[in-house]
Amino acid sequence: VDFGLFIPLLKLKGYRIIGTSHGSPYKREKWGKLAKLYLRVSELVFFKFCDIITTVQKSQIEQFRDYKYKLYYIPNGVDANPKYSDFNFSNYGLEKGKYILFACGRLDKTKGLHYLLDAYFLSKINDKLLIIGDFSHDRKYSEFVKSKIQNNNNIVVVDKLLPKNVLFTIIKNSKVFVFPSDIEAMSMILLEAISSKALVICSDILENVEIVGENYKYLFKAGSVDDLLDKLLKAVCENERDKIINSLYERIVSKYSWNKIAKEYEALYSKILREN
């Protein structure tokens, strides 16, 4: 939707447009007032002028109900067999299976890392906490995080993006992967963590519940440090981790395979060609 203002120009040239929305970016705190205004206007133009719209966020179906006639929910997809690359754990003082992991793309406050840090400090867990993400995007929040963890030898930070295959290796070998976001459309990294067979804890925002199911054992109340702490303490001692991991893996492979999603998109392209 960021490029919505360009769609009328393409329409003037006679193109028909299938647009995909990955959520409303102006809801993230990292953007200033002017950027948020641009993104809001761009989103409105996007929904008005696209011929067919797909969204990975179910709540947008209701939010943009005036456009229901051309709006389709098609989720993000996941690779059932991700490829892995080597990672030198010892360089970071880490051991396989003995660290808690938080990972994101561009770090900002809505990713909820501060909740995890508070829960981790309270937990007194011996396992190290590994934090991975691009710290250059929201400098104010990044500095806040760094000040919060300074001089803590139990917390390891990789403040840059890593190649996906390397990241998958790190996810696969974590004891627990924690995803505490306040806002998501439909998170690729949550899907990828599950496909990499990590034990996942995630916030109970609607978009996460859509992925893991409302009865998933390790959902915690979004924004609640106490509930996250409770789930974290239970997860590091989980006796049935393989059963939980495999059950969730089977769920996402059946619902979110790229083959299934590709067929849904193919049907929409066929539809727009027939109508042309």
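Below, the structure is looked at part by part. Just so we're clear, the structure is a prediction, and the values are computed from it rather than from any experiment.

**A word on the overall build of the protein chain**
Right, on to step 1. Along the protein chain, the regular secondary structure elements total 11 helices and nine strands.
Right, on to step 2. Viewed in the frame of its principal axes, the protein chain has a C-alpha envelope of about 60 × 40 × 35 Å.
Right, on to step 3. Within the protein chain, buried positions represent 51% of all 276 residues.
Right, on to step 4. Across the protein chain, contacts joining residues at least 24 apart in sequence account for 71% of those joining residues at least 6 apart.
Right, on to step 5. Of the roughly 14,200 Å² that the protein chain leaves accessible, carbon and sulfur atoms contribute 51%.
Right, on to step 6. Of the side-chain charges in the protein chain, 43 are positive and 33 negative, and the distance between the mean point of each set is 3 Å.

**What about helix H4 (residues 113–123)?**
Right, on to step 1. Burial analysis of H4 places eight of its 11 residues in the buried class, which makes it a mostly covered element.
Right, on to step 2. For H4, the full list of buried residues reads Leu113, His114, Tyr115, Leu116, Leu117, Ala119, Tyr120 and Ser123.
Right, on to step 3. Looking at the buried positions of H4, the neighbouring elements they touch are strand E4 (99–106), strand E5 (128–134), helix H5 (139–149), strand E6 (155–158), strand E7 (176–179) and helix H9 (225–235).
Right, on to step 4. Phi for Lys124, located one or two positions after H4, is positive at around 60°.

**Concerning the packing of H4 against H9**
Right, on to step 1. Between H4 and H9, the shortest axis-to-axis distance is 9 Å and the interhelical angle comes to 55°. Classified by the angle their axes make, H4 and H9 are oblique. The crossing of H4 and H9 is right-handed. Two secondary-structure elements touch here, H4 through Tyr115, Leu116, Asp118, Ala119, Tyr120, Leu122 and Ser123 and H9 through Val225, Leu228, Leu229, Leu232 and Leu233.
Right, on to step 2. Tallied by class, the residues present in the contact of H4 with H9 amount to 10 nonpolar, one polar and one charged.

**Brief notes about the packing of helix H7 (residues 188–195) against helix H10 (residues 241–255)**
Right, on to step 1. The N-to-C vectors of H7 and H10 enclose an angle of 125°; their axes lie 8 Å apart at closest approach. When the axes of H7 and H10 are compared, the pair comes out oblique. Every pair of crossing elements has a handedness; the one defined by H7 and H10 is left-handed. Contact with H7, carried on its side by Leu191, Ile194 and Ser195, involves Leu248, Tyr249 and Ile252 of H10 and no other residues of that element.

**Comments concerning the sheet that holds E5**
Right, on to step 1. The strand order E6-E5-E4-E7-E8-E9 describes an open sheet built from six strands, whose pairing is parallel. Sheet topology places E6 and strand E9 (219–220) at the edges, where each strand pairs with a single neighbour.
Right, on to step 2. As paired strands, E4 and E7 are joined by two bridges and run parallel to one another. Among the inter-strand pairings, Ile100 is bridged to a residue of E7, identified as Val176.

**Observations regarding the side chain of Glu43**
Right, on to step 1. Structurally, Glu43 is set in helix H2 (residues 33–49).
Right, on to step 2. Buried charge Glu43 goes without a salt bridge, the closest partner of opposite sign being Arg40 at 6.4 Å.
Right, on to step 3. Those residues in contact with Glu43, other than ones at most four positions away along the chain, are Val1, Gly23, Ser24, Tyr26, Gln60, Gln63 and Phe64.

**A closer look at the pairing of E7**
Right, on to step 1. Along E7, one buried face is formed by Val176 and Val178 and the opposite face, lined by Phe177 and Phe179, is buried too.
Right, on to step 2. Note: E7 against strand E8 (residues 200–203), three bridges, orientation parallel. The residue of E8 that forms the bridge with Phe177 is Val200.

**A short note on the nonpolar core**
Right, on to step 1. In terms of nonpolar packing, the biggest core is built from 69 residues, with Leu101, Leu113, Leu130, Ile131, Phe177, Ile201 and Tyr216 touching the most fellow members.
Right, on to step 2. Judged by nonpolar contacts, the second largest core, of nine residues, contains Ile17, Phe46, Phe47 and Phe64.

**Here's the deal with the layout of surface pockets**
Right, on to step 1. The calculated volume of the largest pocket comes to roughly 930 Å³.
Right, on to step 2. As for the largest pocket, its lining consists of 35 residues, of which Arg28, Gly105, Arg106, Lys111 and Glu184 are closest to the centre.
Right, on to step 3. Secondary-structure elements contributing two or more residues to the lining of the largest pocket are E4, helix H6 (164–172) and H7.
Right, on to step 4. Considered class by class, the residues forming the lining of the largest pocket number 15 nonpolar, nine polar and 11 charged.

Reading the values: the criteria
- Residues numbered from 1 in each chain as written.
- Predicted model: local features only at pLDDT ≥ 70, side-chain atom pairs only at ≥ 80, totals over all residues.
- Heavy atoms only, no water.
- Helix = DSSP H or I, 4+ residues; strand = E, 2+ residues; numbered from the N terminus.
- Buried < 20%, exposed > 50% of the residue type's maximum accessible area, 1.4 Å probe, protein only.
- Contact = heavy atoms within 4.5 Å.
- Areas by Shrake-Rupley, 256 points an atom, 1.4 Å probe, with all protein chains shown as cover.
- Lys, Arg positive; Asp, Glu negative; His and termini not counted.
- Charge placed at Lys NZ, Arg CZ, Asp CG, Glu CD.
- Axes fitted to C-alpha atoms, helices over the stretch in contact; angles between N-to-C directions.
- Parallel < 35°, antiparallel > 145°, perpendicular 65-115°, else oblique.
- Left-handed = near helix turned anticlockwise from the far one by under 90°.
- Nonpolar A, V, L, I, M, F, W, Y, C, P; charged D, E, K, R; others polar.
- Pairing = 2+ DSSP bridges.
- Salt bridge = Lys/Arg side-chain N within 4 Å of Asp/Glu carboxyl O.
- Core = buried A, V, L, I, M, F, W, Y, C linked by side-chain atoms within 4.5 Å.
- 1 Å grid on protein atoms, 1.4 Å probe; cavity = no way out; pocket = protein on both sides within 12 Å on 5 of 7 lines; lining within 4 Å.
- Points joined across faces, edges and corners; volume = space filled by probe spheres on them.

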